[in-house]
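# Observations on the model geometry
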Amino acid sequence: MKEKHPILYEILDFAKMILFSFIFVLLLTNFIIRPVQVMGPSMHPTLKNEEMGFTNIISLKLSGIQRYDVVVAYLETKDEQIVKRVIGMPNDTICCVDGVVYVNGEAIDEYYLDADYVLEQSQLEFDGKFTKDFGEFVLGED
């Protein structure tokens, strides 16, 4: 039978390959990794504007979110995803005074920041501070 319609078998094989690839990518991006693009300079220098990366869905499901993790959050109000670093956990009290971020009354070590970048940006932004000061607030349970 293969000898009678070789082109038909080639088309069917190709269609099977496309279907398998589609299912594989669908499963991969829903249960294992998901591509994401950084939009804006807020994560610089760790991640640069328009840089592409992947989220690790399995790790999130196994260990949850930890302080200092880089996460992707969905903003319903803007219908967009943002990439940010977690500095506060549920029920933490957070504030920023004189450019220093405090969590539960203790200054955090922002080891992930590049010192030269911070110095450069501090001269341009927020009265010589890298992080704009904000008053104390308590994070919710979620």
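Since this is a predicted model, take the numbers as computed values, not measurements.

### Quick word on the environment of P90
Position of P90 among the secondary structure elements: in the loop between strand 4 (80-85) and strand 5 (93-97). Sequence spacing of P90 and G140 is 50 residues, and the spatial spacing of their C-alpha atoms is 5.6 Å. In contact with P90, other than residues within four places in its own chain, are G140 and E141.

### What about the state of the cysteines?
This structure, assessed with the given rule, holds zero disulfides. Summary of cysteine pairing: C95 is not part of a disulfide, and the nearest cysteine sulfur, belonging to C96, is at 7.4 Å. According to the relative accessible area criterion, C95 is buried, its value standing at 13%.

### Side note on the sheet that holds strand 5
Here four strands make up an open sheet; going across it, the order is 7-6-5-8 and the pairing antiparallel. With one partner strand each, in any of the chains shown, strand 7 (106-107) and strand 8 (134-138) form the two edges of the open sheet. Pairing analysis gives two bridges linking strand 6 (residues 100-103) to strand 7, with the strands arranged antiparallel. Note on strand 7: the bridge partner recorded for Y102 is A107.

### Looking at the side chain of D92
Residue placement: D92 occurs in the loop between strand 4 and strand 5. Of the residues examined, D92 reaches a relative accessible area of 7% and is grouped as buried. Those residues in contact with D92 that sit more than four places away from it in its chain are R67, I87, V103, N104, F137, V138 and L139.

### Observations concerning the packing of aromatic side chains
The final tally for this structure, using the stated rule, is five aromatic pairs. Where Y68 meets Y112, the ring centres are 5.9 Å apart and the plane angle is 50°; that geometry is what we call tilted. With Y68 in the loop between helix 2 (57-63) and strand 3 (70-75) and Y112 in the loop between strand 7 and helix 3 (115-122), this residue pair connects regions lying 44 residues apart in the sequence. Taking the relative accessible area as the measure of exposure, Y112 reaches 15% and is therefore buried. With a centroid separation of 5.8 Å and 40° between ring planes, the pair formed by F134 and F137 is classed as tilted. With relative accessibility at 39%, the residue F137 sits in the partly exposed group. In textbook terms, an aromatic cluster arises when at least three aromatic residues are bridged by ring pairs, as seen for Y68, Y111 and Y112. Taking the ring centre of Y112 as reference, the NZ or CZ of R85 above it sits at 3.9 Å.

### Some words on the pattern of salt bridges
Any two side chains of opposite charge can pair if their charged atoms end up close together. Under the criterion given, the structure shown has one salt bridge. Salt-bridge contacts for D92 lead to R67; the nearest nitrogen and oxygen are separated by 2.8 Å. Pair noted here: D92 is in the loop between strand 4 and strand 5 and R67 is in the loop between helix 2 and strand 3, with a separation of 25 residues, a long-range link. By relative accessible area, which is 30% here, R67 ends up partly exposed.

Procedures and definitions
Residues numbered from 1 in each chain as written. Predicted model: local features only at pLDDT ≥ 70, side-chain atom pairs only at ≥ 80, totals over all residues. Heavy atoms only, no water. Helix = DSSP H or I, 4+ residues; strand = E, 2+ residues; numbered from the N terminus. Contact = heavy atoms within 4.5 Å. Disulfide = S-S within 2.5 Å. Buried < 20%, exposed > 50% of the residue type's maximum accessible area, 1.4 Å probe, protein only. Pairing = 2+ DSSP bridges. Phe/Tyr/Trp six-rings, centres within 6.5 Å; stacked < 30°, edge-to-face > 60°. Lys NZ or Arg CZ within 6 Å of the ring centre and 35° of its normal. Salt bridge = Lys/Arg side-chain N within 4 Å of Asp/Glu carboxyl O.

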